[in-house]
Amino acid sequence: MDTPPASTSVEPSGVDARTDRGRRRREAVLDAAADAFHARGFHGASVDDVCAAAGITGPGLYRHFASKDALLMAVLDRVWTTLRPAVEGAGELPPDQALETLLTAHLDLALEQPTALVLLIRELRHLPEDYRARARRNHGRYVDAWAQALRGVRPDLDLAAARATVLAVHGLVDSGAVRGQVREVGLSRSGYRRLLGELARRAMDVPS
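Residues numbered from 1 in each chain as written. Predicted model: local features only at pLDDT ≥ 70, side-chain atom pairs only at ≥ 80, totals over all residues. Heavy atoms only, no water.

### Regarding the pattern of salt bridges
Point 1. This model, assessed by the stated rule, comprises 11 salt bridges.
Point 2. One salt bridge in this structure joins Glu 100 and Arg 201, with 2.7 Å as the shortest N-O distance. You can see Glu 100 sitting in helix α5 (residues 95–112) and its partner Arg 201 sitting in helix α10 (residues 189–204), a full 101 residues away along the chain.
Point 3. Take Glu 100: its relative accessible area is 31%, and that puts it in the partly exposed class. (Salt bridge = Lys/Arg side-chain N within 4 Å of Asp/Glu carboxyl O. Helix = DSSP H or I, 4+ residues; strand = E, 2+ residues; numbered from the N terminus. Buried < 20%, exposed > 50% of the residue type's maximum accessible area, 1.4 Å probe, protein only.)

This is the structure we're talking about:
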């Protein structure tokens, strides 16, 4: 998968992003930005909103990120960071193991970064075309990795049917995670994760 553009962030001058403290601060800023952009929209959320939520000053934030656009790109980059290892490793595994690896990565993403999934769909249009093109390529490669693994387990499916099945499974998992049903149905987080995984396998008609 493509690596994130180098322009998405800058090295902080006050806190080294390579240290544990620097990484924690950076992640806290990204969490605050994801929540603010999700709640108010990219244009509705201000840098001041993000700073207040993250407990950082404006100059402090700009030491980490060059602009508000860069902040959104860094939030979305975490999607690809979560998924890339599974995609790169899937081609080296038997199809059933590859499919499980991809499903595990998707469950991790959906349950740990649900707001990022919403932002990827809703706010990507506000970013530069080269970044949007990179996002489209990444998504295409991700779906293709799933479809190839699924066809290895389900040789009865042609490529179009495999891709359609994969997209439906992504929608099932994403919707369940984004809407927060884990709180509504009374299951534990781990129990809800197991349920989503089982539903995904049933939708693909593959062994549990």
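### Looking at the packing of α5 against helix α8 (residues 159–178)
Point 1. Running from N to C, α5 and α8 point in directions that differ by 30 degrees, and their axes come no closer than 8 Å. Between α5 and α8, the interaxial angle falls into the category roughly parallel. For the element pair α5 and α8, the recorded crossing hand is right-handed. Contacts between α5 and α8 involve His 106, Leu 107, Ala 110 and Leu 111 from the first element and His 170, Val 173, Asp 174 and Ala 177 from the second.
Point 2. A breakdown of the residues in the contact of α5 with α8 according to their chemical character gives 5 nonpolar, 2 polar and 1 charged. (Axes fitted to C-alpha atoms, helices over the stretch in contact; angles between N-to-C directions. Parallel < 35°, antiparallel > 145°, perpendicular 65-115°, else oblique. Left-handed = near helix turned anticlockwise from the far one by under 90°. Contact = heavy atoms within 4.5 Å. Nonpolar A, V, L, I, M, F, W, Y, C, P; charged D, E, K, R; others polar.)

### Remarks on the environment of Thr 81
Point 1. Turning to its location among the elements, Thr 81 is positioned in helix α4 (residues 68–90).
Point 2. Along the backbone, Thr 81 and Leu 109 are 28 residues apart, and their C-alpha atoms lie at a distance of 9.7 Å.

### Section: the nonpolar core
Point 1. Ranked by internal contacts, the top residues of the largest apolar core, which has 63 residues, are Leu 71, Leu 102 and Trp 146.
Point 2. Elements represented by at least two residues in this core include exactly α1 (20–40), α2 (47–54), α4, α5, α6 (114–122), α7 (129–153), α8 and α10.
Point 3. Per-element accounting of this core gives the leading share, 12 residues, to α4. (Core = buried A, V, L, I, M, F, W, Y, C linked by side-chain atoms within 4.5 Å.)

### Some points on α4
Point 1. With 23 residues, α4 extends 34 Å from end C-alpha to end C-alpha; this agrees with the ideal 33 Å at 1.5 Å per step.
Point 2. At Leu 83, α4 is bent by approximately 40 degrees, the largest bend along its length, and proline Pro 85 sits one to four residues beyond. (Expected span 1.5 Å × (residues − 1). Bend = angle between axes of the 7 residues up to and from the residue.)

### As for a positive patch on the surface
Point 1. There is a patch of like positive charges on the surface, built from Arg 21, Arg 24, Arg 25 and Arg 63.
Point 2. Looking at the positive patch, the element that brings in the most residues is α1, giving 3 residues.
Point 3. Among the secondary structure elements, Arg 21 is positioned in helix α1.
Point 4. On the accessibility criterion, Arg 21 (53% relative accessible area) is exposed. (Patch = residues over 30% accessible without salt bridge, like charges linked within 9 Å, V, L, I, M, F, W, Y side chains within 5 Å. Areas by Shrake-Rupley, 256 points an atom, 1.4 Å probe, with all protein chains shown as cover. Lys, Arg positive; Asp, Glu negative; His and termini not counted. Charge placed at Lys NZ, Arg CZ, Asp CG, Glu CD.)

### Digging into unusual backbone geometry
Point 1. The residue Asp 205 is not glycine, and still its phi comes out positive at about 60 degrees.
Point 2. Here Asp 205 shows up in the segment after α10.

### Quick look at the packing of aromatic side chains
Point 1. This structure, assessed with the given rule, holds 2 aromatic pairs.
Point 2. Look at Phe 37 and Phe 42: their rings are 5.2 Å apart centre to centre, the planes differ by 65 degrees, and that puts the pair in the edge-to-face class.
Point 3. Of the residues examined, Phe 37 reaches a relative accessible area of 0% and is grouped as buried.
Point 4. When the centroid spacing of 6.2 Å and the interplanar angle of 80 degrees are considered together, the rings of Tyr 142 and Trp 146 count as edge-to-face. Placement of both Tyr 142 and Trp 146 in helix α7 is noted, with a separation of 4 residues, approximately one turn of the helix.
Point 5. With relative accessibility at 3%, the residue Tyr 142 sits in the buried group.
Point 6. The buried category is assigned to Trp 146, whose relative accessible area is 0%.
Point 7. A cation sits over an aromatic face here: Lys 68 above Phe 42, 4.8 Å from the ring centre. (Phe/Tyr/Trp six-rings, centres within 6.5 Å; stacked < 30°, edge-to-face > 60°. Lys NZ or Arg CZ within 6 Å of the ring centre and 35° of its normal.)

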